[in-house]
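Close look at the chain arrangement
Spelled out, the chains give:
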Amino acid sequence: MRLSRFFMPILKENPKEAEIVSHRLMLRAGMIRQQSQGIYSWLPLGKRVLDKVNAIIRDEQNRAGAIELSMPTLQSAELWQESGRYDAYGKEMLRIKDRQDRPMLYGPTNEEMVTDIFRSSVKSYKDLPLNLYHIQLKFRDEIRPRFGTMRSREFMMKDAYSFDLTREAAEHSYNKMFAAYLRTFDRLGLRAIPMRADTGPIGGKLSHEFIILADTGESEVFCHKDFVDFDIPGEHTDFDSVEGLQAIFDKWTSVYAATSEMHDEAAFNAVPEGDRLSARGIEVGHIFYFGTKYSEPMGAKVQGPDGKEHFVHMGSYGIGPTRLVPAIIEASHDDNGIIWPASVAPFDIVVINMKAGDQACDDTCELIYAALSKAGKDVLYDDTDDRAGTKFATADLIGVPVQIIAGPRAVANGEVEVKDRKTGARETMTIEAAINRFVA
Ligand code: P5A
């Protein structure tokens, strides 16, 4: 992508409305734009990061055996009347009427709708287990939308829903998502800690929130500091192994961790003082087991091996991609801007032409841009005629992991500079060596 042909409206000034660093940096880097309170457009740079986050989420959902579908954002009130949540959900639900005066709503979550899909076609235990997910916009009319896309009214969610014949089988489905979440957040460059949490309007008795520790987090959390070193389940984790996944769950729930709603002071005090971590955190995921809370009132049942009908045991599993992007920034930035983990960076490499219009600089940059693009890298080529200082500041602000800098003096020697955004380390090398480093 040539910067001269891209759309990346950088802000020079710090936006006044931004209270936390991620919100400030997302606005300054031209990633998002607020359209009305708690409702955002994702501009091209932000959209690239969001797509990469979603690709990792999708990959790990698929690995764990979940199947993707797509459900609508607008739902009929009838389904919610069946489950009893239409009245219970309160003011957070945006209620709408269509031209026939039929009550509709903008979905805040999809337990009812997916249960309806399930009951319409699954009739036998032989079709279980089943886990269906989608990545879709949601709307919750939050009292206090704030911090940009961290807590917005319209936001994206990956929501998965599992269906099983028995409680035991449902626990295995829960453990699959538990392990998939550990892998997902790790690939996003984050250490997320699963914590016992309040189930709120989703219901049920068992739930875990996945929390990233950050000073600007909205939740108050308490945990054992051993979590920081626990191993993440590997790429070859067998998601069909009941014992294997139970072992992962047991390990990750073996030491104290709870959000303030579930906090047990006495249990926390039993943790040796030096191992206690009391901090703030950002909830990036939340998983629930709620048994037959929806299947019973909505009549979602299957025939079991005993020939009888059984209400299915369900769980639901949420991740907030539009919250994860700012959460990643909270965890990874410096005074100059964002530092993206390579896995979600909007571009892999930025090529900076320090003197656009200079034949040798132009030729060198074109050569590098073409070679790296051909090798499948996402390259941003800063071919604009801005001053070199502005270009450096922009490259640091948008946080692309590698900068290849071509200035007239180095280029005259057949060389360029390669800068690592995270460490700031710079290395001068031949043009060929620079290309080979990233093509290999
Ligand atoms: C689980 C999937 C649910 O809604 N039903 C379907 C269950 N869970 S949840 O905890 O309420 O939300 C799941 C995740 O969505 C993100 N999230 C938000 N992100 C941005 N702005 C919001 N206002 C917002 N509300 C929820 C969080 O990441 C949460 O863990």
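Refer to the structure presented above.
Figured I'd write up the structure that's included with this text. Model, not experiment: these values are computed from the prediction.

**Quick notes on the pattern of salt bridges**
Side-chain pairs of opposite charge can arise where the charged atoms are in close proximity. According to the stated counting rule, one finds 28 salt bridges in the structure shown. Between Arg187 and Glu60 there is a salt bridge whose closest N-O contact spans 2.8 Å. Of this pair, Arg187 sits in helix 6 (residues 167-187) while Glu60 is found in helix 2 (residues 44-63), placing the two residues 127 residues apart along the sequence. Under the relative-accessibility criterion, Glu60 is labelled buried at 0%. In this structure, Arg167 and Glu171 form a salt bridge, with 2.8 Å as the shortest nitrogen-oxygen distance. Taken as a pair, Arg167 and Glu171 lie in helix 6 at a separation of 4 residues, close to a single helical turn. Relative accessible area serves as the criterion here: at 28%, Glu171 is assigned to the partly exposed category. Several salt bridges share partner residues, and in doing so they unite Asp59, Glu60, Arg63, Arg183 and Arg187 into one network.

**As for the side chain of Thr364**
You can see Thr364 is positioned in helix 11 (residues 359-374). Those residues within four positions of Thr364 in sequence are excluded, and the remaining contacts are Ala406, Val411, Val416 and Ile431.

**Quick look at the layout of surface pockets**
When its volume is computed, the largest pocket comes out at roughly 940 Å³. Surrounding the largest pocket, 43 residues form its lining, Arg140, Arg151, Glu283, His286 and Arg323 being those nearest its centre. If you list the elements that add at least two residues to the lining of the largest pocket, you get strand 8 (154-164), strand 11 (219-224), strand 13 (276-291), strand 16 (313-319) and helix 10 (321-331). Considering every element that reaches the lining of the largest pocket, the biggest residue donor is strand 13, with 7 residues. Taken as a whole, the second largest pocket holds about 500 Å³ of empty space.

**So, the packing of aromatic side chains**
Think of a pair of aromatic rings as described by two things: how far the centres are apart, and how the planes are tilted against each other in angle. Inspection of the entire model under this criterion finds 18 aromatic pairs. When the ring of Phe118 is compared with that of Phe163, the centres are 4.2 Å apart and the planes differ by 10°; the resulting orientation is stacked. Residue Phe118 is found in helix 5 (residues 111-121), and its partner Phe163 is found in strand 8; the two are separated by 45 residues along the sequence. Aromatic pair Tyr256 and Phe268: ring centres 5.4 Å apart, planes at 45°, arrangement tilted. Note that Tyr256 is positioned in the loop between helix 7 (242-252) and strand 12 (257-259) and Phe268 in helix 8 (residues 265-269), a separation of 12 residues in sequence. The burial state of Tyr256 is the same as that of Phe268; both residues are buried. A connected cluster of aromatic rings, assembled from ring pairs, spans Tyr174, Phe178, Tyr181, Phe185, Phe210, Phe249 and Tyr317. Positioned over the ring face of Phe230 is Lys251, at 4.4 Å from the centre of the ring.

**What to know about the sheet that holds strand 20 (residues 379-382)**
Within the open sheet, the 5 strands sit side by side as 20-19-21-22-23. Their pairing is mixed. Single-partner strands in this sheet number two, and they are strand 20 and strand 23 (426-430). Pairwise comparison of adjacent strand axes, ignoring direction, gives a mean angle of 25° for this sheet. Here strand 22 (residues 415-420) pairs with strand 23 via 5 bridges, running antiparallel. Bridge assignment links Val416 to a residue of strand 23, and that residue is Met429. Sheet contacts for helix 12 (residues 388-398): strand 19 (349-353), strand 20, strand 21 (402-406) and strand 22; angle to strand 19, the most-contacted strand, approximately 175°. Against the sheet, helix 14 (residues 431-439) engages strand 19, strand 21, strand 22 and strand 23, with an angle of about 110° to strand 23.

The rules behind each value
- Residues numbered from 1 in each chain as written.
- Predicted model: local features only at pLDDT ≥ 70, side-chain atom pairs only at ≥ 80, totals over all residues.
- Heavy atoms only, no water.
- Salt bridge = Lys/Arg side-chain N within 4 Å of Asp/Glu carboxyl O.
- Helix = DSSP H or I, 4+ residues; strand = E, 2+ residues; numbered from the N terminus.
- Buried < 20%, exposed > 50% of the residue type's maximum accessible area, 1.4 Å probe, protein only.
- Contact = heavy atoms within 4.5 Å.
- 1 Å grid on protein atoms, 1.4 Å probe; cavity = no way out; pocket = protein on both sides within 12 Å on 5 of 7 lines; lining within 4 Å.
- Points joined across faces, edges and corners; volume = space filled by probe spheres on them.
- Phe/Tyr/Trp six-rings, centres within 6.5 Å; stacked < 30°, edge-to-face > 60°.
- Lys NZ or Arg CZ within 6 Å of the ring centre and 35° of its normal.
- Pairing = 2+ DSSP bridges.
- Axes fitted to C-alpha atoms, helices over the stretch in contact; angles between N-to-C directions.

Scope: geometric values only; no functional claims are made or implied.
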